Amino acid sequence: PPQGMLQMGTREVVGYDVDVCRGIAEHLGVKAELKVMSTAARIPELTQGRVDILTAGFIYTEERAKQVDYSYSYLDAVEKIVVAEDSGFKSIKDLGGHKVAAADGTTSAVAARASIPGVEVITFQDNPTAFLAFMQKRADAFAASQFILADYVRTSRETRPLRILPEATMSSPFGAAVRKQEPKLLEAVNEAL
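Small disclaimer: the values here were computed from a predicted structure and weren't measured.

Reading the values: the criteria
- Residues numbered from 1 in each chain as written.
- Predicted model: local features only at pLDDT ≥ 70, side-chain atom pairs only at ≥ 80, totals over all residues.
- Heavy atoms only, no water.
- Helix = DSSP H or I, 4+ residues; strand = E, 2+ residues; numbered from the N terminus.
- Rg over C-alpha atoms; globule rule 2.2 N^0.38 Å.
- Buried < 20%, exposed > 50% of the residue type's maximum accessible area, 1.4 Å probe, protein only.
- Contact = heavy atoms within 4.5 Å.
- Areas by Shrake-Rupley, 256 points an atom, 1.4 Å probe, with all protein chains shown as cover.
- Phe/Tyr/Trp six-rings, centres within 6.5 Å; stacked < 30°, edge-to-face > 60°.
- Lys NZ or Arg CZ within 6 Å of the ring centre and 35° of its normal.

A.B. asks: Give a description of the overall build of the protein that names residues and reports values.
C.D. replies: Scanning the protein from terminus to terminus reveals 7 helices and 8 strands. For 193 residues, the compact-globule formula gives about 16 Å, and the C-alpha radius of gyration of the protein, at 17 Å, lands near that figure. Taken over the C-alpha atoms alone, the protein extends approximately 50 × 40 × 25 Å along its principal axes. Per-residue burial for the protein yields a buried fraction of 48% across its 193 residues. Counting contacts in the protein only where the partners sit at least 6 residues apart, residues at least 24 apart contribute 63% of the total. When the accessible surface of the protein is summed, it comes to about 10100 Å², and 52% of that surface belongs to carbon and sulfur atoms.

Structure follows, in structure tokens:
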């Protein structure tokens with residue numbers, strides 16, 4: 001949440017990235033067929049032809065750009081860290097020597113390692129699993145996009161009050177991705193955006 005999630009009751013996939021995907025599909029004159037996958041599976045699913053376009057919280061990195069082609073940016077992602085309200089952490093620098101949970105294959109994990117000297121980043125299959133580990137106190141903090149963190153802060157108020165540390169670990173644009181060597185599809189995606 002809010003990029004993509006299963007809606008309670010209907011189990012329908014909804015969210016900002018879902019809306020972007022559907023808008024691109026509408027512009028292309030096709031019906032979007034959504035596929036739920038782990039963060040780490042996104043690039044393999046695309047490069048192996050099991051999906052045609054990624055709009056799954058896909059933040060631009062140079063490493064990823066070597067594997068896929070990015071569209072124009074449609075959102076700026078700011079990576080941050082959340083901690084328990086009653087923790088003594090005031091800054092991301094205070095997390096050196098501590099454990100930070102993050103989803104495997106995300107820029108959140110990479111950014112936490114790069115911006116916090118001495119941190120131990122432990123990764124999990126996806127954001128909900130990493131967040132659960134943090135809530136179970138298996139980690140001292142949780143790293144994700146500020147959009148994701150804001151939703152977790154809001155929804156966990158009753159069980160464990162949280163706060164987002166002020167500094168960003170990274171800021172980067174979200175974009176859609178297509179396989180390399182598909183310039184016409186990339187052009188159509190950019191036109192749709």
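A.B. asks: Describe the side chain of Asn127, and please don't skip the residues or the numbers.
C.D. replies: Assignment of secondary structure puts Asn127 in helix H5 (residues 127–135). By relative accessible area, Asn127 is classed as buried at 16%. Setting aside residues up to four positions removed in sequence, Asn127 forms contacts with Ala103, Phe142, Ala143, Ala144, Ile148 and Tyr152.

A.B. asks: Kindly report on the packing of aromatic side chains, identifying the contributing residues and their values.
C.D. replies: Under the criterion given, the structure shown has 8 aromatic pairs. With 3.8 Å between their ring centres and 10° between their planes, Phe131 and Tyr152 make a pair best called stacked. Of the two residues, Phe131 sits in helix H5 while Tyr152 sits in helix H6 (residues 146–155), which places them 21 residues apart along the sequence. Taken together, Phe131, Phe134, Phe142 and Tyr152 form an aromatic cluster joined through their ring pairs. Here the basic side chain of Arg64 rests over the ring of Phe58, its NZ or CZ set 4.9 Å away from the ring centre. One cation-aromatic arrangement involves Arg160 over Phe134; the distance from NZ or CZ to the ring centre is 4.6 Å.

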